Amino acid sequence: MKSGDQHRTRTLWLVGVLHGFTHLYQVALLPLYLRIQHDLKLSSVEQATLLVTVMGLAYFLPSYPLGALADRLSRKKLLALGLAINALGFIGFSLAPNYGWALASMVVAGFGGTFYHPAATALIARMFPEARGKALGLVGIGASVGFFVGPIYCGWRAVVSGSWRAPVLEIGLLGLIGAGLFAWLAKEEQPADRQRVPPVVATSEKMFPTRALWAFFLGASFALSLRDFAGMAMATSASLFLQNARGFNPKTAGLALSGIYLASAISNPLFGGLSDGGRMRWVSFVLVMAAAFICVFPRVPVSWMVPVLLAYGFFFMASYPITEAALMETVHDSVRGRVFGLFITIGGLVGNLSHWLVGSWVQGLGAGAFSPASYFPLYATLALMVVASLAGLPCLHAIRRQEEKNQPATMGSVAATK
C-alpha cells in the first residue's frame with residue numbers, strides 16, 4: 001500500500017473514533033433524565049431534557065464560524081481541541097452541585113462538540129473525492145458505536161453505581177484521553193490530499209455565487225432539519241415512553257435506545273457506498289422506511305420494541321452519510337467547512353428544540369404519560385416530518401445541476417445525483 005493511501009486510511013479511522021466520542025456525548029444523558037431530575041431536585045422532567053437541548057444549541061450555534069476556521073486552519077488540531085473541550089464539559093457536569101452549574105457544563109460540552117463535523121466532513125470529502133459516500137459511511141461507523149455505547153453504558157453504570165454522575169465522569173475522562181491520542185497519532189493533511197481534489201477553482205471563495213443557489217441551499221437545509229427534529233425527538237421520546245408507559249428502568253431503556261444505533265454500523269457504509277451510484281433514490285428509500293417504523297413503534301408489543309427501534313435506526317441513520325456526501329459535492333473544498341457549518345447550524349437549531357419540546361409535551365400529558373396510546377399522535381407526527389424532509393432532495397439536486405452547468409468539466413460524477 002502506498003504511503004499516501006496508508007495516510008488516508010489511518011486518518012479515516014481516527015476521525016471515525018472522534019465521531020464516536022462526539023455522538024456518545026449527545027446521547028449519554030437520554031436514559032438518565034429521571035435520575036438527574038431527582039438528584040438535582042428539578043421541578044419537572046422538562047428541565048432535565050432541557051439540558052440536552054442546551055447542549056445541542058451550544059453545539060450547533062457556532063458551527064458556521066467553526067466551519068470558517070476549518071477552511072483556514074489545521075483540521076487535525078481543531079478536531080483534537082474540540083474533543084478535549086467536549087470531555088471537560090462532561091467532567092464539569094458530573095460535579096454539578098446545582099442546575100445552573102449543570103446548564104453551564106452543557107454549554108461547554110456542546111461548544112466542544114461543534115468543532116467536529118465542519119472539520120471532519122470537509123477533511124474526508126477532500127481526501128476521498130472518488131468515493132465520498134463510502135468514506136463518510138465508514139466514518140459513520142464511529143457515530144454508530146458512540147450512539148450505541150452512550151445510552152447502554154450510562155444506563156447500566158447509573159444502576160450499578162447508584163448515581164448518574166459516575167458514568168458521566170467516566171466518559172468525560174475517557175474523552176480527554178482520546179483527544180490526546182488523536183493529537184499524537186493523527187497526521188496533518190498532506191499536499192497529496194489536495195492534489196486529489198477536482199480542480200474547481202472558487203476565485204472569490206463565495207459559498208454560493210447566486211441568489212438562486214442560496215435559496216436552494218436554505219430550502220434543503222430547512223427541509224432536512226425536519227428529519228433532524230424527528231430523529232432527536234425519537235430518541236428523547238422513546239426514553240420517556242419506555243420508562244413511563246412500558247416500565248423500563250434506566251438500564252433497560254438505555255439498552256433499548258442503543259438498538260437505534262447498533263445496526264447503523266452496517267447501514268452507514270452499506271447505503272453510503274450504494275449512494276455513490278445514486279444519492280437521491282437511496283436517501284429517499286431509507287427515509288421512507290424509517291418513517292414507517294417510527295409510526296408503528298408505540299403500537300407494537302414490548303417484545304417487539306427493541307427490534308423496531310433497531311430497524312428504524314438501520315434506515316434512518318443511513319441517510320446522514322448520503323446527504324453529507326451530496327452536499328459536499330456541490331461546492332469547492334475551500335468553502336466546504338462553512339457550507340457544512342451553516343447546514344448543521346440550521347438543522348441543529350431546529351432539531352435540538354425537540355428534546356425540550358418533547359419533555360414539555362410529556363409533562364403536559366399528566367397521568368396520560370403512563371398510557372401507550374397517548375403517544376400515538378406524537379409518533380405519527382414525527383413520521384410525517386421525516387417524509388416531509390424529502391422536499392430537501394430536489395433542492396440539493398438543483399444545486400448540483402447548476403454547479404455542473406457552471407463548471408461542466410470539474411464537478412465529479414453526474415451519476416452520483418441521478
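Look up: the structure comes first, before these words.
Values in this document were obtained by computation on a predicted structure and should not be read as measured data. (Residues numbered from 1 in each chain as written. Predicted model: local features only at pLDDT ≥ 70, side-chain atom pairs only at ≥ 80, totals over all residues. Heavy atoms only, no water.)

**Considering the packing of aromatic side chains**
- Tallied over the entire structure, the rule returns 25 aromatic pairs.
- Seen in terms of ring centroids, Phe241 and Tyr379 are 6.1 Å apart; in terms of plane orientation they differ by 75°. Their pairing is edge-to-face. With a gap of 138 residues between them, Phe241 in helix α11 (residues 211–245) and Tyr379 in helix α18 (residues 376–388) connect regions that are remote in the sequence.
- Overall, Phe241 belongs to the buried group, its relative accessible area being 0%.
- Considering the side-chain rings of Phe314 and Phe315, the 5.0 Å spacing of their centres and the 90° angle between planes classify their relative orientation as edge-to-face.
- With relative accessibility at 12%, the residue Phe315 sits in the buried group.
- By the ring-pair criterion, three or more aromatic residues cluster together here, those being Phe271, Trp282, Phe285, Phe293, Phe314 and Phe315.
- Sitting above the plane of the Tyr320 ring, Arg227 keeps its charged end 3.9 Å from the centroid.
- Taking the ring centre of Phe376 as reference, the NZ or CZ of Arg299 above it sits at 4.2 Å. (Phe/Tyr/Trp six-rings, centres within 6.5 Å; stacked < 30°, edge-to-face > 60°. Helix = DSSP H or I, 4+ residues; strand = E, 2+ residues; numbered from the N terminus. Buried < 20%, exposed > 50% of the residue type's maximum accessible area, 1.4 Å probe, protein only. Lys NZ or Arg CZ within 6 Å of the ring centre and 35° of its normal.)

**Notes on the packing of helix α14 (residues 279–296) against helix α16 (residues 319–328)**
- Where α14 contacts α16, the two axes come as close as 9 Å, and the packing angle between them is 150°. Relative to α16, α14 is oriented roughly antiparallel. Read as a crossing pair, α14 and α16 show a hand that is left-handed. On α16, the residues touching Arg279, Met280, Trp282, Val283, Val286 and Leu287 of α14 are Ser319, Ile322, Thr323, Ala325 and Ala326.
- Its residues assigned to classes, the contact of α14 with α16 shows 8 nonpolar, 2 polar and 1 charged. (Axes fitted to C-alpha atoms, helices over the stretch in contact; angles between N-to-C directions. Parallel < 35°, antiparallel > 145°, perpendicular 65-115°, else oblique. Left-handed = near helix turned anticlockwise from the far one by under 90°. Contact = heavy atoms within 4.5 Å. Nonpolar A, V, L, I, M, F, W, Y, C, P; charged D, E, K, R; others polar.)

**Considerations on empty space enclosed by the protein**
- Tallied over the entire structure, the rule returns 3 cavities of 30 Å³ or more.
- Lining the largest cavity are 42 residues; nearest its centre among them are His23, Gln26, Phe147, Met232 and Tyr320.
- The calculated volume of the second largest cavity comes to roughly 60 Å³.
- Considering the residues around the second largest cavity, the lining is formed by Leu18, Thr22, Leu79, Gly82, Leu83, Asn86, Gly112, Gly113, Phe115 and Tyr116.
- For the lining of the second largest cavity, the elements supplying multiple residues, two or more each, are α1 (3–27), α5 (75–94) and α6 (99–113).
- Counting residues per element, the lining of the second largest cavity draws most heavily on α5, at 4 residues. (1 Å grid on protein atoms, 1.4 Å probe; cavity = no way out; pocket = protein on both sides within 12 Å on 5 of 7 lines; lining within 4 Å. Points joined across faces, edges and corners; volume = space filled by probe spheres on them.)

**Comments concerning a nonpolar patch on the surface**
- A surface patch of nonpolar side chains, about 470 Å² in accessible area, is lined by Leu174, Ile177, Leu181 and Trp184.
- Given a relative accessible area of 67%, Trp184 falls into the exposed group. (Patch = residues over 30% accessible without salt bridge, like charges linked within 9 Å, V, L, I, M, F, W, Y side chains within 5 Å. Areas by Shrake-Rupley, 256 points an atom, 1.4 Å probe, with all protein chains shown as cover. Salt bridge = Lys/Arg side-chain N within 4 Å of Asp/Glu carboxyl O.)

**Topic: the nonpolar core**
- Counting 135 residues, the largest nonpolar core has Phe90 and Phe297 as its most contacted members.
- Sort the elements by how many residues they give to this core and α11 lands first, with 15 residues.
- The residues touching Phe297, leaving out its near neighbours within four places in the chain, are Met234, Ala238, Phe241, Leu242, Met305, Val308, Leu309 and Tyr379. (Core = buried A, V, L, I, M, F, W, Y, C linked by side-chain atoms within 4.5 Å.)

**Points about the packing of helix α8 (residues 132–161) against helix α9 (residues 165–185)**
- Two elements in contact, α8 and α9, have axes whose closest approach is 7 Å; the angle formed by their N-to-C orientations is 130°. One element, α8, and the other, α9, form an angle in the oblique class. For the pair formed by α8 and α9, the contact residues are Tyr153, Cys154, Arg157, Ala158 and Ser161 on the first element and Ala166, Pro167, Glu170 and Ile171 on the second.
- Counted by class, the contact of α8 with α9 contains 6 nonpolar, 1 polar and 2 charged residues.

**Things to note about α5**
- With 20 residues, α5 should cover 28 Å at 1.5 Å per step; its first-to-last C-alpha distance of 29 Å lies within 8% of that length.
- Within α5, 17 of the 20 residues are buried, which leaves it mostly tucked inside the rest of the structure. (Expected span 1.5 Å × (residues − 1).)

**Brief notes about the pattern of salt bridges**
- A full pass over the atoms with the stated rule returns 6 salt bridges.
- The salt bridge partner of Asp71 is Arg338, with a shortest N-O separation of 3.0 Å. Of this pair, Asp71 sits in the loop between α4 (63–70) and α5 while Arg338 sits in helix α17 (residues 336–365), and the two are 267 residues apart along the sequence. Take Asp71 and Arg338: they sit in the same class, and that class is buried.
- The partner of Arg157 in a salt bridge is Glu170, and the shortest N-O contact between them spans 2.6 Å. Of the two residues, Arg157 sits in helix α8 while Glu170 sits in helix α9, which places them 13 residues apart along the sequence.
- By relative accessible area, Arg157 is classed as buried at 17%.
- Each of Asp71, Arg75 and Arg338 takes part in one network of salt bridges that share partners.

Distances and angles like these do not, on their own, reveal function.
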